[in-house]
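# Breakdown of the fold
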Amino acid sequence: MRLAPLALLLALAAALPAPAGAEDWKAELGPEDDAWKKVEQTFVFNNGAEPETLDPQIMTGVPEHRLAMACFEGLVGHHPETLAPVPGIAERWTVSPDGLVYTFHLRRSQWSDGTPLTAKDFLASWRRVLEPKTAAQYAYQLYPVKGAEAFNKQGADKPDGSGKYPPADWSSVGVRAPDEHTLVVTLERPCAYFLDLCAFETLMPVPMAVVEQHGDRWTRPEHIVCNGPFKPVEWLPNQRVTFAKNPRYWDAGYVKLEKIVALPYEDMETAYKLFQQGKIDWMDDVPAAKIDECKRLPEFYVAPYFGSYFYRFNVTKPPFDDVRVRRALALSIDREVITRDILKAGQVPATHFVPPLPGYQSPRGLAYDRAAARKLLAEAGYPDGKGFPKVELLYNTLEAHKLVAENVVQQWRENLGITVSLRNSEWKVYLNDVQHLQYQLARAAWIGDYLDPNTFLDMFVTGGGNNQTGWSNARYDALIAQAAAEVDAKKRAAVLRQAEELLVEQELPIIPVYIYVKKGLLADKVAGIHENVRALHPFQYIWIEPTD
Amino acid sequence: MGRYLLRRVIQVPIVLWILVTATFFLMRYTPGGPFDMDKQVDPAVKAQMEAKYNLDKPMPVQYGLFLWDLVRLDLGPSFKNKTMTVNEIIAAKAPASAVLGLYAVVIALVLGLGAGVVAGVRQNSVFDYGSMTVAMVGLAVPTFVVGPLLALVFGIYLGWLPVAGYEGMDGLRYLVLPAFTLALPFAARIARLARAGMLEVIHQDYIRTAWAKGLSEQVVVLRHALRGAMLPVVSFLGPAVAQILTGSLVVEQIFGIPGIGREFVQGATNRDYTLVMGTVILFGVLLVGFNLLVDILYGFLDPRIRYA
């Protein structure tokens, strides 16, 4: 394996697998001896929901994503520990010095029905993602590719009102297959995280012949053809999905599990009871009411997660059009109290927005400072909170959000002398209200899509669909644009940091509260699950150890 | 009787039409749509998704298309479950709810009628107070408390029964706890209704006549009094059985039953319009059907009722 060093340095500041002997790192992650061969290699886990589909290009959720990792493999995969891109269907790749052209060299591999998997499969699959009739919600994962966005939005109105997108022209999209095993991708502009996207399910190949033959039903076990380490063999709706090892996977020799069973239980109490009975090996959450009990179990684990919990301000209306008021409210929350006394699972109190990432250092943000907050509020014309208008904090109906909101409101009352009332709405009503700025303060959360600060920061550009605060800042927009064009990873990180500073230290259209954690229970006998910030645990690295 | 029945049967499609029409428009005009997500979908992409499911068409057209599909018994694709149609979802999940429901109905009837009748006959006895106290508790304590408690005692502590899961008709062991949990509040209602019915009947002249004839208590109660006492129970059973058979979100979640009750609630939460329509129609048909059945049964139970 020859990794292109320049390209990878450009692409990721994250730790990389040692480019020493081919696949050495894989062997190192595997079992030390052959003891595992004596036990049944069946892994049962609670996936937390009934999968909406197994179609990697249509799916959007975490439970589906997990199953996609079992059945499909993209050009690259994720290192189970560092999350750095590792060879998948592409055994190696090069990147042009300007960061615009990616050349992937595909290994000889095949689909689970024995047909060879070629670069043409990627062309056809990516085209399917971008075809409007597919209506793929995550089509934007391909937008870094030249001409992809225009092809996907063919004929639709441009958001800035400057006319329409051109009609469909596939030849203008920057993907080519000069031969069966080479895929050349040209980007619209440099994209530091493009390799990470190549591991994402939207960019995984699908067997077009099968898709065309069976339509929406092609992912059913009786029809599905896949290229990953496992293959679905049984799908009983709301009961379980069962996978068996795919003997035609290119690295089947490395795969140790013979069978995977994914259970759909939404009720963590139910999953917990099954775990106690030894019926399931892994659940990636614990019952909220039993957090103290679970924390005492040796099987309990907790790790920071790639998600941020925060509050949005509607900056278009008083009193939150005044930055001093926003800063005062942000300064007067002691987040320790919330994570320690209410959430209790190890969530990380945060005054910054981007979760910890290799190669990126968030600014410190506004730490708890009651005196400074009171001063700011007085300057804004509300000394001791006098004359502060009636405001309301909106959250989607859920006990945990309520508890956090009640605490925050109480802290504001004690620290600033202002009264904030609470309003809860059902999920979709809440989404609708936030989207249309029908709120003053609203609870929010964001989980990153790819391993880069940009997935958190670019949402607050002017008019961004996920901005939803009404906030607009020319300097912020310029910084995000500058970062997008920057190929030097260090410089790029510095620019993004400036943008985050603007967000969490100066302008505060949002109040960061805490960084999410992934907590769960993992049976002793399971090996090969590594802690990482995105809680991605590819199944080909997992095995079952004997228990005494 | 024949003409009455005919009239009732003709009413059924009208009642169902009103139900589906009201549900159709209520769903469409509820804030938030099926493709509103916490991660905003690009307007152009959202338009593609709406076009795929005909949501871009004017409301009357959507309604017309829906009715046309409905006449052909096609409930359309689910917006959320991308690989199944609503027909398939109902076909896949209604059986589990029905199987569980049937067991629950039997348990509720046996427990409820038994306790209610005895309590009525032995009014103000220890058994009367005892069983009615239990029935009050059964009504007052919600299933989300009873279910986990039963699972904890019989599943975790005693280890007699599985705590969750479903293995079809054969996996009876899996159905014991959920069926009891589902049945308890209904059993309690039935017990109270049966007792009240029994008390009302037991002092009537025709029962006194039966006693006077020297009939045994068994014959008086089971042959003469029970029929009258059943009336309030039967009218309760119509809607109750429809409700039990269409599943319960809570019981399904606690015991991991792949039933239709969950689809009902999740469909509404997700604004999965087609799925909501499908489950509402299913529930509507069952409700109307069982109410019709109750009306017919009434005639047999109470000879005074004449259908004119």
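Residues numbered from 1 in each chain as written. Chains lettered and ligands numbered in written order. Predicted model: local features only at pLDDT ≥ 70, side-chain atom pairs only at ≥ 80, totals over all residues. Heavy atoms only, no water.

Our focus in this paragraph is the confidence of the model for chain A. On average, residues of chain A score 92 in pLDDT, and 96% of them reach the 70 mark or higher. Here residues 1–20 of chain A is modelled with pLDDT under 50, and outside its nearest four sequence neighbours on either side it reaches 34 contacts, counting other chains as well. (pLDDT = per-residue confidence, 0-100. Contact = heavy atoms within 4.5 Å.)

Moving on, we come to the nonpolar core. All names here are of chain A. Among the nonpolar cores identified, the biggest contains 94 residues, and Phe43, Leu75, Phe104, Trp126, Leu183, Val185 and Phe194 are the most heavily contacted of them. A per-element tally of this core places helix α4 (residues 119–130) first, with six residues. Within the second largest apolar cluster, 76 residues are counted, among which are Phe388, Leu393, Leu431 and Ala444. (Core = buried A, V, L, I, M, F, W, Y, C linked by side-chain atoms within 4.5 Å. Buried < 20%, exposed > 50% of the residue type's maximum accessible area, 1.4 Å probe, protein only. Helix = DSSP H or I, 4+ residues; strand = E, 2+ residues; numbered from the N terminus.)

A word on the domain arrangement of chain A. Interface size is often expressed as the accessible area that is lost when the parts come together. Residues and elements named next belong to chain A. Here chain A is partitioned into domain 1 (6–264 + 523–544) and domain 2 (307–516). A C-alpha centroid distance of 33 Å is found between domain 1 and domain 2. On the side of domain 2, 13 residues touch domain 1, which itself brings 19 residues to the contact. Together, the buried faces of domain 1 and domain 2 total about 1,300 Å²; carbon and sulfur atoms form 64% of this surface. Inspection of the region where domain 1 meets domain 2 yields five residue pairs in polar contact (both at pLDDT 80 or more). Where the side of domain 1 that touches domain 2 is concerned, the elements lending two or more residues are α1 (5–11) and α6 (194–198). Considered class by class, the residues forming the side of domain 1 that touches domain 2 number 13 nonpolar, two polar and four charged. (Domains from an automatic or database assignment. Buried area = accessible area lost by both parts, 1.4 Å probe. Polar contact = N/O pair within 3.5 Å; in protein donor to acceptor, adjacent residues only side chain to side chain. Nonpolar A, V, L, I, M, F, W, Y, C, P; charged D, E, K, R; others polar.)

A word on the confidence of the model for chain B. Per-residue confidence for chain B gives a mean pLDDT of 88; residues scoring 70 or more make up 98%. Taken together, the chains of this predicted complex give a pTM of 0.88 and an interface ipTM of 0.85.

Our next topic: the packing of helix α4 (residues 86–121) of chain B against helix α9 (residues 217–245) of chain B. Residues and elements named next belong to chain B. Where α4 meets α9, the closest approach of the two axes is 10 Å, and the angle between their N-to-C directions is 145°. Of the two elements, α4 crosses α9, and the hand of that crossing is right-handed. Judged by residue contacts, Ser97, Ala98, Gly101, Leu102, Ala104, Val105, Leu109, Leu113, Val117 and Val121 of α4 engage Glu217, Val221, Leu226, Met230, Val233, Leu237, Val241, Ile244 and Leu245 from α9. Here the residues of the contact of α4 with α9 sort into 16 nonpolar, two polar and one charged. (Axes fitted to C-alpha atoms, helices over the stretch in contact; angles between N-to-C directions. Left-handed = near helix turned anticlockwise from the far one by under 90°.)

All names here are of chain B. Relative orientation of the contacting elements α4 and helix α11 (residues 260–269) amounts to 125°, with a least axis distance of 7 Å. Judged by the inter-axis angle, α4 sits oblique to α11. Together, Ile89, Ile90, Lys93, Ala94 and Ser97 of α4 and Ile260, Gly261 and Glu263 of α11 make up the contact between the two elements. Residue classes in the contact of α4 with α11 are distributed as four nonpolar, two polar and two charged. (Parallel < 35°, antiparallel > 145°, perpendicular 65-115°, else oblique.)

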